[in-house]
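# Residue-level structural notes
Okay, here's what each chain looks like letter by letter:
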Amino acid sequence: MTKIGVIGHVEWVDFISVPHLPVHGKILHAQSAFARAGGGGAVAASVLAELGAEVDFYCALGRDTEGDAAVAQLEARGVRMNVAWREQPTRRAVTFLEPGGERTIITLGDRLEPRGSDDLEWGRLMHADGVYFTAGDAAALNHANDARIVVATPRARSVLEADGSVVYALVFSEGDVDERAWANRVSSHARLMVATEGDRGGRWWGESEGRWSAAPLPGPPRDAYGCGDSFAAAFTLGLGRGDSVAAAAKLGAEAGARALTRVGAP
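The sections below set out a description of the structure shown in this document. Note that this is a predicted model, so its numbers are computed, not measured.

## Notes on the side chain of E11
Mapped onto the elements, E11 comes out in strand β2 (residues 11-17). A distance of 2.9 Å separates the side chain of E11 from the side chain of R91, its partner in a polar contact. Leaving out residues up to four positions away in the same chain, E11 has contacts with R36, A37, G38, G39, R91, A93, T107 and Y225.

Here's what the structure looks like:
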């Protein structure tokens, strides 16, 4: 079994299905609503467990109802939780889901991140085949580098900008203006740049270069939430088990396509 670590953040997300985004000053009736653990780290950990990896998830949560619910939900999915409990509240989010799959996210509160000084089982990463990094401090990234490969998102830009920080691959959305700008700023800290391009597939460059095609959708598009982190999680798994970059990207594209056909965090 391939062992993958995830170091990152969790948000307790209220998903609300609406016919369209709210209009200023109007009342909009939701078609449905539910809540579950989301955020880049939680999405990646869930996807990896579903794909059969042995997953260690390092995160920080508030000592509150949402933090407890997130742990219970992720453990039920087969994720081994390594939680640094904080006195601050667990970050929450509201995600509006529109017909056709588009999502709009509003976050509430500060993002809680694990720190390398937290009393967690960091030593398990020495036996990991790979790590996906979405949030944490420089010491947490040092722990990640005990694994064979590290894949990161530019949303962890502050720690990636630090002198001496290097990851194997940086995965980002070419269509997201902010992610693209953050990725460009820290490109010298990655051996491989990996840009997803939605229904056009994507490309990578750096120590090698190439393209991959988008995977066919296994059903109608329903929700774009978590597609990028689903791709990155499966891409990390592929690299961790020794796949080529092209094969890992294909696995990632399939995971991203599958996420698009589901409602809520994968």
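## Let's talk about the environment of A93
Looking at the element boundaries, A93 is found in strand β6 (residues 92-97). Distance in space between the C-alpha atoms of A93 and E11 is 6.3 Å, their sequence separation being 82 residues. Sequence-distant contacts of A93, defined by excluding residues within four places in its chain, comprise E11, W12, V13, D14, I105, I106, T107 and L108.

## A short note on the packing of aromatic side chains
Using the criterion set out here, one finds 6 aromatic pairs in the structure. Consider the rings of F15 and F34, whose centres lie 5.2 Å apart with planes at 20°: the pair is stacked. Residue F15 is located in strand β2, and its partner F34 is located in strand β3 (residues 32-38); the two are separated by 19 residues in the primary sequence. Judged by its relative accessible area of 0%, F15 is buried.

## Section: the sheet that holds β2
Pairing within the open sheet is mixed, and its 4 strands lie in the order β3-β2-β6-β7. Each end of this open sheet is capped by a strand with a single partner; those strands are β3 and β7 (103-108). For this sheet, the mean inter-axis angle between neighbouring strands, taken without regard to orientation, is 20°. Bridge count between β6 and β7: 6 bridges; the pairing is antiparallel. Its bridge partner lying in β7, T95 is registered against I105. Strands in contact with helix α2 (residues 65-76) are β2, β3 and β6; relative to β3, the strand with the most contacts, it is inclined by about 80°.

## Things to note about the pairing of strand β5 (residues 80-86)
A large share of β5 lies buried, amounting to 5 of its 7 residues. With 7 bridges joining them, strand β4 (residues 54-62) and β5 adopt parallel strand pairing. Within β5, the residue paired with D56 across the bridge is R80. This β-α-β element, β4 to α2 to β5, shows right-handed connectivity.

## Considering the pattern of salt bridges
Inspection of the entire model under this criterion finds 20 salt bridges. Close ionic contact of D56 with R80 constitutes a salt bridge, the shortest N to O distance being 3.2 Å. Remark: R80 occurs in strand β5 and D56 occurs in strand β4; sequence separation between them is 24 residues. Of the residues examined, D56 reaches a relative accessible area of 7% and is grouped as buried. When the shortest N-O distance is used, the salt bridge between D56 and R124 registers 2.9 Å. Here D56, found in strand β4, pairs with R124, found in the loop between β7 and β8 (130-133); they are 68 residues apart in sequence, far enough to count as distant. The class for R124 is partly exposed, based on a relative accessible area of 29%. Among the charged side chains, a network of salt bridges with common partners joins E54, D56, R80, E121 and R124.

## Section: the sheet that holds β8
Strand order in the open sheet formed by 9 strands is β5-β4-β1-β8-β9-β10-β11-β12-β13, with mixed pairing between adjacent strands. A single partner strand is all that each edge strand has here, and the edge strands are β5 and β13 (210-212). When the angles between neighbouring strand axes are averaged without regard to direction, this sheet yields 20°. Taken together, the 3 bridges between β8 and strand β9 (residues 150-152) define a ladder with parallel strand orientation. In the strand pairing of β9, Y132 is matched with V151. Sitting on the sheet, helix α1 (residues 40-50) is in contact with β1 (3-7), β4 and β8, with an inclination near 155° to β4.

The rules behind each value
- Residues numbered from 1 in each chain as written.
- Predicted model: local features only at pLDDT ≥ 70, side-chain atom pairs only at ≥ 80, totals over all residues.
- Heavy atoms only, no water.
- Helix = DSSP H or I, 4+ residues; strand = E, 2+ residues; numbered from the N terminus.
- Polar contact = N/O pair within 3.5 Å; in protein donor to acceptor, adjacent residues only side chain to side chain.
- Contact = heavy atoms within 4.5 Å.
- Phe/Tyr/Trp six-rings, centres within 6.5 Å; stacked < 30°, edge-to-face > 60°.
- Buried < 20%, exposed > 50% of the residue type's maximum accessible area, 1.4 Å probe, protein only.
- Pairing = 2+ DSSP bridges.
- Axes fitted to C-alpha atoms, helices over the stretch in contact; angles between N-to-C directions.
- Right-handed = clockwise from strand over helix to strand, strands pointing away.
- Salt bridge = Lys/Arg side-chain N within 4 Å of Asp/Glu carboxyl O.

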